Amino acid sequence: MSDRIAVYPGSFDPIHNGHLDLIERCRPLYDRLVIAVLRNEAKRALFSVDERLEIIRDLVGKDRGCEVESFSGLLVDFMDQVGARIVVRGLRAVTDFEYEFQMAMMNRRLNPRVETVFMAPKEEYNYLSSSLVKEVFSLGGDLTGLVPDPVLARLRRHLEPRSGRSRRR
Ligand SMILES: Nc1ncnc2c1ncn2[C@@H]1O[C@H](COP(=O)(O)OP(=O)(O)O)[C@@H](O)[C@H]1O
Ligand SMILES: [Mg+2]
């Protein structure tokens, strides 16, 4: 258990370049990075958990020290299962602070061994979110440079863009 293992949990519905930027930044800081997709039946998702796992594995699964898994229930329980103490979360602009701080404090209370590390993405991804990705795509907006190509291809399979602009199918 001397490996420094970090867990990066999230919905990743779908993964975008802000998430990928964070993964790239924190991967060299730890021996192993487990990207953990939350199974949350209560949250309506566009992509199934299996599809999200497949996408993320294709993108980073072969990177040294990167693993991609799903979990349900308490994050701190999953942390124990994989033997990790570090949770990595992203902080965008100012909007994430309140919620992220609350979660970090609750997780610490549930398991005092767990530390949350916050990372800031590259400036250009500061306003990027999965929900905005889905909304902009469905309205026909250009997402070049904001999501990786395999995600764009899968968005085309799941969502019909409404306006003509990005109807390159
Ligand atoms: N553009 C971004 N830049 C940096 N971090 C981000 C960005 N978008 C999301 N994140 C972070 O990635 C993590 C997972 O986000 P998300 O997939 O939305 O799952 P969750 O449902 O847990 O919010 C969160 O810590 C979130 O703050
Ligand atoms: Mg979120």
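Scroll up to find the structure this text is about.
Rules of the game
- Residues numbered from 1 in each chain as written.
- Chains lettered and ligands numbered in written order.
- Predicted model: local features only at pLDDT ≥ 70, side-chain atom pairs only at ≥ 80, totals over all residues.
- Heavy atoms only, no water.
- Helix = DSSP H or I, 4+ residues; strand = E, 2+ residues; numbered from the N terminus.
- Rg over C-alpha atoms; globule rule 2.2 N^0.38 Å.
- Buried < 20%, exposed > 50% of the residue type's maximum accessible area, 1.4 Å probe, protein only.
- Arc of directions from axis to C-beta.
- Contact = heavy atoms within 4.5 Å.
- Expected span 1.5 Å × (residues − 1).
- Near = heavy atom within 4 Å.
- Polar contact = N/O pair within 3.5 Å; in protein donor to acceptor, adjacent residues only side chain to side chain.
- Areas by Shrake-Rupley, 256 points an atom, 1.4 Å probe, with all protein chains shown as cover.
- Patch = residues over 30% accessible without salt bridge, like charges linked within 9 Å, V, L, I, M, F, W, Y side chains within 5 Å.
- Salt bridge = Lys/Arg side-chain N within 4 Å of Asp/Glu carboxyl O.
- Pairing = 2+ DSSP bridges.
- Axes fitted to C-alpha atoms, helices over the stretch in contact; angles between N-to-C directions.
- 1 Å grid on protein atoms, 1.4 Å probe; cavity = no way out; pocket = protein on both sides within 12 Å on 5 of 7 lines; lining within 4 Å.
- Points joined across faces, edges and corners; volume = space filled by probe spheres on them.
- Nonpolar A, V, L, I, M, F, W, Y, C, P; charged D, E, K, R; others polar.

Asker: Tell me about the overall build of the protein chain, residues and numbers included.
Answerer: Each helix and strand counted, the protein chain has 6 helices and 5 strands in total. The N-to-C order of helical and strand elements in the protein chain reads β-α-β-α-β-α-β-α-β-α-α. In summary, the protein chain has a C-alpha radius of gyration of 16 Å against a globular reference of 15 Å for 169 residues, a match within 12%. C-alpha extents for the protein chain along the principal axes are approximately 50 × 35 × 30 Å.

Asker: Provide a residue-level description of helix α6 (residues 149-158), including the pertinent values.
Answerer: Taken together, the buried positions of α6 are V151, L152, R154 and L155. All buried residues of α6 project into a common sector of 165 degrees when viewed along the axis, lining one side. Looking at α6, the residues exposed on the side facing more than 90 degrees away from the buried face are D149 and R157. Of the surrounding secondary structure, the elements contacted by the buried residues of α6 are α2 (49-60) and α5 (130-138).

Asker: Explain helix α4 (residues 97-110) residue by residue, including any values.
Answerer: If you check α4, its first and last C-alpha atoms are 20 Å apart, about what 14 residues at 1.5 Å a residue would give, namely 20 Å. On the buried face of α4, the contacting elements are α3 (75-82), β4 (86-90) and β5 (115-119).

Asker: Give me the site of ligand 1: which residues, what numbers.
Answerer: In the vicinity of ligand 1 lie 18 residues, with Y8, S11, K43, G90 and Y125 positioned nearest. At a separation of 2.9 Å, an oxygen atom of ligand 1 approaches a polar backbone atom of F12. One of the backbone nitrogen or oxygen atoms of G90 is found 2.8 Å away from an oxygen atom of ligand 1. Alone, ligand 1 offers 540 Å² of accessible surface; in the complex the protein occludes 90% of this. Elements with a minimum of two residues in the shell around ligand 1: β1 (5-10), α1 (17-26) and β4.

Asker: I'd like a rundown of a nonpolar patch on the surface, residues and numbers included.
Answerer: On the surface, L74, M106 and L110 cluster together to form a nonpolar patch covering roughly 270 Å² of accessible area. Summarising the element assignment, M106 is placed in helix α4.

Asker: Break down the sheet that holds β4 for me, with residues and values.
Answerer: Within the open sheet, the 5 strands sit side by side as β3-β2-β1-β4-β5. Their pairing is parallel. At either margin of the open sheet sits one strand with a lone partner, and together these are β3 (66-71) and β5. Neighbour-to-neighbour, the strand axes of the sheet open up by a mean angle of 30 degrees, direction not taken into account. As paired elements, β4 and β5 share 5 bridges and run parallel to each other. Residue pairing in the sheet places V88 in a bridge with V117 of β5. Strands β2 (32-38) and β3 of the sheet are contacted by α2, whose axis makes an angle of about 175 degrees with β3. Along the sheet face, α3 touches β1, β2, β3 and β4 and points at about 145 degrees away from the line of β1.

Asker: Explain the layout of surface pockets residue by residue, including any values.
Answerer: Roughly 1,100 Å³ of volume is contained in the largest pocket. Taken together, the elements giving at least two residues each to the lining of the largest pocket come down to β1, α1, α2, β4, α4 and α5. Considering every element that reaches the lining of the largest pocket, the biggest residue donor is α4, with 7 residues. Counted by class, the lining of the largest pocket contains 21 nonpolar, 14 polar and 11 charged residues.

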